[in-house]
Amino acid sequence: MSAPRLEINLDKIQHNARTLAKRLTKQGISVTAVMKASLGSPEIARVVLDAGIGSIGDSRMENIEGMSRSGIKAPLVLIRSPMISDAHRVVHSADISLNSELEVIRELSFAAKAAGRRHGVVLMVELGDLREGIMPTDIEHTAGQVLAMPNIDLKGIGANLACHCGVSPDANNMAELSTLADTIERVFGITLDIVSGGNSANLNWALSSADTGRINNLRLGESILLGCEPLYRQPIDGLHTDAITLIAEVIESKIKPSQPWGKIAQTAYGEKAPAVDRGNITQAILAIGQQDVDPCGLSAPAGICIIGASSDHLIVDCGRHRLPVGAEVHFQLNYSAMVRSMTSPFVSKLLRRSSTPIRVPAMASNWPKTRRVVL
Ligand SMILES: *Cc1c(COP(=O)(O)O)cnc(C)c1O
């Protein structure tokens, strides 16, 4: 089997999606499953929709168009503010987009009119994380303008936290969003269908609050794919954190000194911490590097320690074991590592449904074996 590869267990992803959707339904909150970290995989979109999720979000038009072409029928939401130059594409393939610029929405309106379509708009509100969003004091004015635009439906308002500055969703900022929804409805005599509170970082708040106010939607990516919440990167109770695994192959295996020799200057990727002399070590090189993954986001199996990475090589200390050439090593990934691997053309993706009951594989116990294929 080709390496490096991502093995993606669709059943585990489906379980995560179903579990989150069920828990949030009890709180009056629907889920938009965000596919951007999986390069808009239609297979993953299908399993999360089968899990009871109602809509699909993505930040890239290429992914939205791909899913639409693949026959995904659920509403498709563009979750990054559209590029004004993309207005025609957006109204053609996305049902709804999240927006924060009137100029862009005006262009969407022209494009929708020209295409004889309607386009849904969710206005993003700035609640302190300082990424996208209209300042709360301007939201009423903006909503008024949008309501007057032909072929545009003001679907609701939303916010996004914990991305740029790590601001946590809490009772205060979520209450502010609820109040803004109430105000817009009262001032304009309308009903907003969507009050989208945020991303996976909102889960701690959403699942522990007795009253989630007007918030009736969350856009979830990381929690569905990796089973963890992004504020403290803790596993979410009852979810699989190993639905996605990265596998790389050993191309060199030698006993080498732990310390380099010669005059030391910069490395391929800048400075390197000085090596501690640990005598000779059992070193292996895996055929994977910065072009395939964010090496800092990899967790190696017990007994293996990542000691460096360049564009195409991952260097590991194998401890007391020796990894033979050709051996495959399985890694867990964080969000950053997953996104890089998913989008790297060098990493093949193996999607599978487990016909057997899902067991959490014990990394340490089934290592090291040559040519181990866990399928
Ligand atoms: C990426 C993104 C999400 C999903 O975030 P996760 O942390 O992966 O759940 C939701 N909303 C917006 C606007 C995003 O950019």
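What this report covers is the structure whose coordinates are included nearby. Per chain, the residues get numbers from 1 upward, laid out in the order the sequence is written. Per-residue local features of the predicted model are confined to residues with pLDDT of at least 70, and side-chain atom pairs are confined, for both listing and counting, to 80 or more; whole-chain, interface and lining totals are unaffected and use all residues. Heavy atoms throughout the structure, all of them, feed into the side-chain values; hydrogens and water do not.

**Quick word on the environment of Ala-309**
Link 1 in the chain: Labels follow the DSSP assignment, with helices taken as runs of H or I lasting at least four residues and strands as runs of E lasting at least two, numbered in each case from the N terminus. Note on placement: Ala-309 falls in strand 15 (residues 305–309).
Link 2 in the chain: By relative accessible area, which is 24% here, Ala-309 ends up partly exposed.
Link 3 in the chain: Taking the C-alpha atoms as reference points, Ala-309 and Val-276, separated by 33 residues in sequence, lie 17 Å from one another.
Link 4 in the chain: The criterion used for residue contact is that any of the two residues' heavy atoms lie within 4.5 Å. Look past the residues within four positions of Ala-309 in its chain and what remains in contact with it is Tyr-269, Gln-290, Pro-295 and Leu-314. Type-normalised accessible area, obtained with a 1.4 Å probe on protein chains alone, sets the label of each residue: buried when under 20%, exposed when over 50%, and partly exposed for intermediate values.

**Description of the site of the ligand**
Link 1 in the chain: Close to the ligand lie 13 residues; Lys-36, Ser-200, Arg-219, Gly-221 and Glu-222 are nearest.
Link 2 in the chain: Polar contacts, as counted here, are pairs of nitrogen or oxygen atoms within 3.5 Å of one another; within protein the pair requires one atom able to donate a hydrogen and one able to accept it, and residues that are adjacent in sequence qualify only if both atoms are side-chain atoms. Take Ser-200: an N or O atom from its side chain is 2.5 Å from an oxygen atom of the ligand.
Link 3 in the chain: Areas reported here follow the Shrake-Rupley algorithm with a probe of radius 1.4 Å; residue values treat only the protein chains shown as occluding. Isolated, the ligand exposes 390 Å² of accessible area, and the fraction of that covered by the protein chains is 93%.
Link 4 in the chain: Tallied by class, residues from the shell around the ligand come to 4 nonpolar, 4 polar and 5 charged. Throughout, the term near means that a residue has one or more heavy atoms lying within 4 Å of the molecule or strand in question. Only Asp, Glu, Lys and Arg are considered charged in this grouping, and only Ala, Val, Leu, Ile, Met, Phe, Trp, Tyr, Cys and Pro are considered nonpolar; every other residue, Gly among them, is considered polar.

**Looking at the packing of helix 1 (residues 10–25) against helix 2 (residues 42–50)**
Link 1 in the chain: Between helix 1 and helix 2, the least distance of the axes is 8 Å, while the angle of their chain directions is 45 degrees. Overall, the two elements helix 1 and helix 2 adopt an arrangement that is oblique. By crossing handedness, the relation of helix 1 to helix 2 is classed as right-handed. Residues Leu-10, Ile-13, Gln-14, Ala-17 and Arg-18 of helix 1 pack against Glu-43, Ile-44, Val-47, Val-48 and Asp-50 of helix 2.
Link 2 in the chain: Residue composition of the contact of helix 1 with helix 2, by class: 6 nonpolar, 1 polar and 3 charged. Simply put, an axis is a line fit to the C-alpha atoms, just over the touching stretch for a helix, and the angle between two N-to-C directions goes from 0 to 180 degrees. An angle below 35 degrees is treated as roughly parallel, one above 145 as roughly antiparallel, one from 65 to 115 as roughly perpendicular, and anything else as oblique. Two helices crossing with the near one rotated counterclockwise from the far one by less than a right angle form a left-handed crossing, whereas a clockwise rotation gives a right-handed crossing.

**Side note on the nonpolar core**
Nonpolar side chains tend to gather and get buried jointly when the protein is soluble and globular.
Link 1 in the chain: Note on terminology: a nonpolar core comprises buried Ala, Val, Leu, Ile, Met, Phe, Trp, Tyr and Cys residues joined through side-chain atoms within 4.5 Å. Among the nonpolar cores identified, the biggest contains 93 residues, and Ile-13, Val-48, Ile-56, Leu-123, Ile-157, Ile-224 and Ile-244 are the most heavily contacted of them.
Link 2 in the chain: Ignoring any residue separated from it by four or fewer positions in sequence, one finds Ile-56 in contact with Thr-32, Ala-33, Met-35, Ala-45, Val-48, Leu-49, Met-67, Ile-72, Ala-74, Pro-75, Leu-76 and Val-77.
Link 3 in the chain: Membership of the second largest hydrophobic core comes to 8 residues, among which are Val-77, Ile-96, Leu-98 and Met-124.

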